[in-house]
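A structural walkthrough
Chain residues, written in single-letter form:
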Amino acid sequence: LPIKGIIVSVTQLLSSPERSGPGSLNYNQPSSTRGTPPVSILSIMGDADGLIPYDGGSSSVFNGDDSFQLMPAMDSMDVWASHNGCTGSFQTSQHSTDTGDGTATKFDYTSGCPDGIYVEHYAIHGGGHGAGGVAVDGAKIDVLGFVSKVEGSPPSPSPPPSPTPPTGCENDESWSGKFN
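In this report, the structure presented in the accompanying data block is examined.

1. Quick look at the environment of aspartate 66
With respect to the helices and strands, aspartate 66 occurs in the loop between strand E3 (40-46) and strand E4 (69-70). Taking relative accessible area as the criterion, aspartate 66 reaches 53% and is therefore assigned exposed. Along the backbone, aspartate 66 and proline 17 are 49 residues apart, and their C-alpha atoms lie at a distance of 9.8 Å.

Shown next, in the form of structure tokens:
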């Protein structure tokens, strides 16, 4: 199951520890040397989050275990950009929001990335822990549009019509389930 992209609306990568448990999937940062493929990322974070600090460090979500340290959000984005083969340069744009102090900055690394890789971060200024559901420039961030471009297809304006359900129902005596 290849994962082509992720959307995070609260957190960034951990700077430590390197691993959260045993097994090949429990690393806390991506690594091409371990075979992690490029992964597009859309990140939305409030820079005044009292639970997950935008500037990194410890968080109460780790129950007082200070060995878990979050990277600063922008360092986390740099790690993703580097892992994905992007140049690390980004373009910024300013936006209005319905959260925090009413402004956001979008950091878009995509122009320096290989074709088909998208690395985008929205810093919601004054936004707290719930900033992931923010409206930017009067509309919610189009996460389905992000998924569509990552998957390589244009977004569909509406879902396809549902097939007509069958009109009859038959009891299949050979089927046995939980309540049979």
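Having seen it, we continue.
2. Regarding helix H1 (residues 73-83)
Every α-helix carries 3.6 residues per turn, so stepping three or four residues along brings you back to the same face. Listing the buried residues of H1 in full gives Ala73, Ser76, Met77, Trp80, Ala81 and His83. The buried residues of H1 occupy an angular sector of 165° when projected down its axis, which confines them to one face. Close packing links the buried residues of H1 with strand E1 (5-8), E3 and strand E7 (119-125). Looking one or two places after H1, you find glycine 85, whose phi comes out positive at around 80°.

3. Observations regarding the pairing of strand E6 (residues 103-108)
The element E6 is extensively covered by neighbouring structure, given that 5 of its 6 residues are classed as buried. Connecting strand E5 (residues 91-96) to the antiparallel partner E6 that follows it, the hairpin turn spans 6 residues, and glycine 100 within it adopts a positive phi of roughly 65°. Both E6 and E7 contribute to a ladder of 6 bridges, which runs antiparallel. Its bridge partner lying in E7, aspartate 108 is registered against glutamate 120.

4. Remarks on a nonpolar patch on the surface
A grouping of Ile7, Val143, Leu144 and Val147 is seen on the molecular surface, where their side chains present a nonpolar patch of about 310 Å² in accessible area. The dominant element in the nonpolar patch, judged by the number of residues it contributes, is helix H2 (residues 143-151), at 3 residues.

Cut-offs used in this document
- Residues numbered from 1 in each chain as written.
- Predicted model: local features only at pLDDT ≥ 70, side-chain atom pairs only at ≥ 80, totals over all residues.
- Heavy atoms only, no water.
- Helix = DSSP H or I, 4+ residues; strand = E, 2+ residues; numbered from the N terminus.
- Buried < 20%, exposed > 50% of the residue type's maximum accessible area, 1.4 Å probe, protein only.
- Arc of directions from axis to C-beta.
- Contact = heavy atoms within 4.5 Å.
- Pairing = 2+ DSSP bridges.
- Patch = residues over 30% accessible without salt bridge, like charges linked within 9 Å, V, L, I, M, F, W, Y side chains within 5 Å.
- Areas by Shrake-Rupley, 256 points an atom, 1.4 Å probe, with all protein chains shown as cover.
- Salt bridge = Lys/Arg side-chain N within 4 Å of Asp/Glu carboxyl O.

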